[in-house]
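Structure assessment
Single-letter residue listing:
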2 protein chains.
Amino acid sequence: MDGEPGTETLPSLTEVRAAAARIAPYVHRTPVFTSRTLDEALAARVFFKCENLQKVGAFKARGAVHAVLCLGEEEAARGVLTHSSGNHAAALAYAASIRGIPCTAVMPETALPFKLAAVRAYGAQVVLCAPEERESACERWRERTGAAVIHPYEDPRVIAGQGTAALELLDEVPDLDVVVAPVGGGGLLAGTAIAVRAMRPRAEIIGAEPEAADDAFRSLASGVRQPPVPHPQTLADGLRTGLGALNFRILRDLDVRIVTVDEGAILDAARFHVERMKLVVEPSAAVALAAIRRIAHELRGRRVGIVVSGGNTDLSWLLRARGEQVLDRLE
Amino acid sequence: MDGEPGTETLPSLTEVRAAAARIAPYVHRTPVFTSRTLDEALAARVFFKCENLQKVGAFKARGAVHAVLCLGEEEAARGVLTHSSGNHAAALAYAASIRGIPCTAVMPETALPFKLAAVRAYGAQVVLCAPEERESACERWRERTGAAVIHPYEDPRVIAGQGTAALELLDEVPDLDVVVAPVGGGGLLAGTAIAVRAMRPRAEIIGAEPEAADDAFRSLASGVRQPPVPHPQTLADGLRTGLGALNFRILRDLDVRIVTVDEGAILDAARFHVERMKLVVEPSAAVALAAIRRIAHELRGRRVGIVVSGGNTDLSWLLRARGEQVLDRLE
């Protein structure tokens, strides 16, 4: 399912709007926040669409719910299946619970305990495997159960669902000049690009990516999808995934620009969210703020929307950042 | 200024409404959040008024801004002064900056560095002194400068300002059966009681207090204001202050009930805010959620509003709570 896409239809604004109507009863219309401190520092106006306050703590609820609601009765009855160590597994478990259908998440034995617990709390079955066997374990389960595999980002239904966050943001703040979302596999950024390019044709669309996992940057720069960095060392654990083929095509066609940021900038941005804005964000989400700070000189006087992608974190990065000071207080 | 109040007029809903109009340009209308997980656990509907997202990170901005806006031109020109180690000093500094008048905060040498920095960041002068000399140092500064002392909670202008949070909450969710706010000095709870009792006469008004600093509970139970616990050992650092005389009278007259909670319950509630709701709250704010959990059996089927008082914390309590697990990850 990760090959070059063929003839399938790319989702358009029509699909994003349809997804928004379908998922509305099951997801939050998340709030949009601003920070005067930040606006003054950047001489710009920044609007944060807070998907960290979304169901399951991340935008992933949108795409997963949409994909599950799109399944026919018979297909749905066989259940859904995915392999993911992160938010998509929890989102799919939540989505399956809405329809009352079985959900299986193939997860690596190395997954963080709080992530396993979240998936189980939504009623999904967790199948543990060695990290390198995730795809094959998933395929064995599919053969045995006939469950529908819902890919975390290479799926037009998922992409249309993720685009609903930007749709809501533009409904609330129509006159944005720039819209920014983080990019890993690319589902959120592709969905965002589809909504923004159609509703606000001249807006700049920016994908924010860690330098340490910069395959989207290299792919769009070269015009050919590049292999992901192996074992990328970034705090932004949700963005270690390589850009999907379908999403690459969407980003390229819709003229999306990638801005990369280093680890220090990601950490600083995440701390700003927590310490100044009082919002718990995961480092992957903070990459977007880090990106606009990096290109602040281009943004003076402009109106910038940011999709704050999620808030599922144990905050251990914050503890590390405070280093000695924190260790002292721990006694 | 901490003696028994005499003939001064207690604020009423009229003053709270006037305060709301005056401060509106300078404070946030904070959002109201809900949590389905919590509602299901309690079989109730709970509405969180998020003053942790307020200017300066706490409801204190409301009272301080109102008090400063009430000053006459001549009085204001001599500046404002307070002694506080917490949010009120930052709030007053912010309020003074709005009018462009001087602000001095007498703070103990033991105040946390991030709190000193916040006060200075709003342009106030910080005068450090030994913790036990705060009142006398403040008095010396008043004599020297003629600045107006703005008490953190025993001031009708401050109380009216604090009441505007509950006013907004009831504007947005009119049919509340119960409204809860934390109680330390009592300014927030008194202002809340004034607004709620007038707008929703039959609603239950609850003050949430740490067991370890339970003077408001003992005062209302006995009908006579009781001395505060000396050096109370509670995580809720904003609630270590004893209940003020003026606020005691207001709480007693408006039939406010106090619910106390132990330290474990405060910690659990604070973790729920951060880990499940993705909101950074200070432990003093979490006391309110802890209180409704304690009396959950009384709340089934009812609609409960909570003023989440602030979000200024270094999260060190979260780190401690995670104990060994965290230390391991710090290497």
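What counts, and where the lines are drawn
- Per-chain numbering applies: the sequence of each chain, read as written, is numbered from 1 onward.
- Think of it this way: whatever chain is written first is A, whatever ligand is written first is 1, and the rest follow in order.
- For a predicted model such as this one, the threshold for reporting local features is a pLDDT of at least 70, and the threshold for listing and counting side-chain atom pairs is 80 or more; totals across whole chains, interfaces and linings nevertheless cover every residue.
- Values shown for side chains rest on all heavy atoms present in the structure; no hydrogens or waters enter the calculation.
- The copies were overlaid with a least-squares fit restricted to C-alpha atoms from residues scoring a pLDDT of at least 70 in each copy.
- Pairing between strands is defined by DSSP: at least two bridges between the two strands are required.
- Numbering of helices and strands starts at the N terminus; helices are DSSP runs of H or I of at least 4 residues and strands are runs of E of at least 2.
- When checking whether two residues touch, look at their non-hydrogen atoms; a contact exists if any pair is within 4.5 Å.
- Note on geometry: axes are C-alpha line fits, over the in-contact stretch for helices, and angles between N-to-C directions span 0 to 180 degrees.
- Whether a residue is buried, partly exposed or exposed follows from its accessible area with a 1.4 Å probe, protein chains only, as a fraction of its type maximum: under 20%, in between, or over 50%, in that order.
- Here, the arc refers to the directions that run from the helix axis to the C-beta atoms.
- Distance and chemistry together define a polar contact, namely a pair of N or O atoms within 3.5 Å, with one atom able to donate a hydrogen and the other to accept it when in protein, and with adjacent residues in sequence counting only for side-chain atoms on both sides.
- Once two parts are joined, some of their accessible surface, as seen by a 1.4 Å probe, is lost; buried area is that loss totalled over both.
- Within this document, salt bridges are pairs made up of a side-chain nitrogen of Lys or Arg and a carboxyl oxygen of Asp or Glu, the two lying within 4 Å of each other.
- Put simply, Ala, Val, Leu, Ile, Met, Phe, Trp, Tyr, Cys and Pro go in the nonpolar bin, Asp, Glu, Lys and Arg in the charged bin, and everything else, Gly too, in the polar bin.
- Every residue gets a pLDDT, meaning the predictor's confidence in that residue, from 0 to 100.
- Think of it this way: a Phe, Tyr or Trp ring, Trp meaning its six-membered ring, pairs with another when their centres are within 6.5 Å, and the plane angle makes it stacked under 30 degrees, edge-to-face over 60, tilted otherwise.
- Whether a charge lies above a ring is judged from NZ of Lys or CZ of Arg, which has to be within 6 Å of the ring centre and within 35 degrees of the ring normal.

**A short note on the relation of the copies chain B and chain A**
In the superposition of chain B on chain A (RMSD 0.0 Å, axial shift 0.0 Å), the rotation amounts to 180 degrees. Here the symmetry operator amounts to a two-fold rotation axis. Taking the C-alpha atom as reference, chain B places B:Leu279 closest to the rotation axis, 2.6 Å from it.

**Some details on the sheet that holds strand S7 (residues 178-182) of chain B**
Residue and element names in this part refer to chain B. Sheet architecture is open: six strands sit in the order S1-S2-S10-S7-S8-S9, paired in mixed fashion. Edge positions in the open sheet fall to strand S1 (32-33) and strand S9 (257-261), since each of these has one partner strand only. Relative to strand S10 (residues 303-308), S7 runs parallel, the two sharing three bridges. When the sheet's bridge partners are listed, Val179 is paired in S10 with Gly305. Relative to S9, helix H10 (residues 215-222) is tilted by about 145 degrees, and along the sheet it contacts strand S8 (204-210) and S9. The strands that helix H12 (residues 263-276) touches are strand S2 (45-50), S8, S9 and S10; relative to S9, the one it contacts most, it runs at about 90 degrees.

**Focus on helix H6 (residues 113-121) of chain A**
Residue and element names in this part refer to chain A. Looking at H6, one finds that the buried residues are Lys115, Leu116 and Val119. Projected down its long axis, H6 carries its buried residues within an arc of 100 degrees, all on one side. Counted as exposed and oriented over 90 degrees from the buried face of H6: Pro113 and Ala121. Where H6 is buried, its residues touch helix H5 (87-99), strand S4 (103-108) and strand S5 (125-129). Gly123 sits one or two positions beyond H6 and adopts a positive phi of about 90 degrees.

**Points about the side chain of A:Thr313**
All names here are of chain A. Structurally, Thr313 is set in the loop between strand S10 (303-308) and helix H15 (316-329). Its relative accessible area of 14% is what places Thr313 among the buried residues. Here the side chain of Thr313 touches Trp317 through a polar contact of 2.8 Å, side chain to side chain. Once residues lying within four places of it in the same chain are set aside, the contact partners of Thr313 are Phe114, Val280, Val281, Glu282 and Pro283.

**Concerning the sheet that holds S5(A)**
All names here are of chain A. The four strands are arranged S5-S4-S3-S6 in an open sheet whose pairing can be described as parallel. Strands at the two margins of the open sheet, each flanked by one partner only, are S5 and strand S6 (148-149). Pairing of strand S3 (residues 80-83) with S6 involves two bridges; the strand directions are parallel. Counted as the bridge partner of Val80 is Ala148 from S6. Packing of helix H7 (residues 134-145) onto the sheet brings it into contact with S3, S4, S5 and S6, and relative to S3 it is tilted by some 170 degrees.

**Section: the interface of chain B and chain A**
Facing the 26 residues of chain B at the interface are 26 residues of chain A. Summed over both sides, the interface of chain B with chain A buries roughly 2400 Å², with 64% coming from carbon and sulfur. The tally of links from chain B across to chain A stands at zero salt bridges. For the pair chain B and chain A, the interface holds six residue pairs in polar contact (both at pLDDT 80 or more). The leading source of residues in the side of chain B that touches chain A is helix H15 (residues 316-329) of chain B, at eight residues. Counted by class, the side of chain B that touches chain A contains 14 nonpolar, five polar and seven charged residues.

**So, the environment of A:Ala213**
Topologically, A:Ala213 is positioned in the loop between strand S8 (204-210) and helix H10 (215-222). It is 18 Å that separates the C-alpha atoms of A:Ala213 and A:Asp268, two residues lying 55 residues apart in sequence.

**Quick notes on unusual backbone geometry**
Positive phi is not limited to glycine here, since A:Val56 has a value of about 55 degrees. Examined against the element boundaries, A:Val56 turns out to sit in the loop between strand S2 (45-50) and helix H3 (60-70). Looking at A:Val56, the relative accessible area reads 11%, which means it is buried. Here B:Ala43, not a glycine, exhibits a phi torsion of approximately 55 degrees, which is positive. Here B:Ala43 is to be found in the loop between helix H2 (36-42) and S2.

**What about the confidence of the model for chain A?**
Residues and elements named next belong to chain A. Averaged over chain A, the pLDDT score is 93; the fraction of residues at 70 or greater is 95%. Of the regions scoring below 50 in pLDDT, residues 1-7 engages in 14 contacts with residues more than four places distant in sequence or in other chains. Of the two predicted TM-score estimates for the complex, the pTM is 0.90 and the ipTM is 0.88.

**Thoughts on the packing of aromatic side chains**
One pass over the full model with this rule turns up three aromatic pairs over all chains. Where A:Phe33 meets B:Phe33, the ring centres are 6.3 Å apart and the plane angle is 55 degrees; that geometry is what we call tilted. Linking A:Phe33 in strand S1 (residues 32-33) with B:Phe33 in strand S1, this pair reaches from one chain into another. Centre to centre, the rings of B:Tyr94 and B:Tyr122 are 5.8 Å apart; their planes meet at 65 degrees, and the pair counts as edge-to-face. One end of the pair, B:Tyr94, is in helix H5 (residues 87-99); the other, B:Tyr122, is in the loop between helix H6 (113-121) and strand S5 (125-129), with 28 residues separating them in the sequence. Over the ring of A:Trp141 we find A:Arg144, and its NZ or CZ is 4.9 Å from the ring centre.

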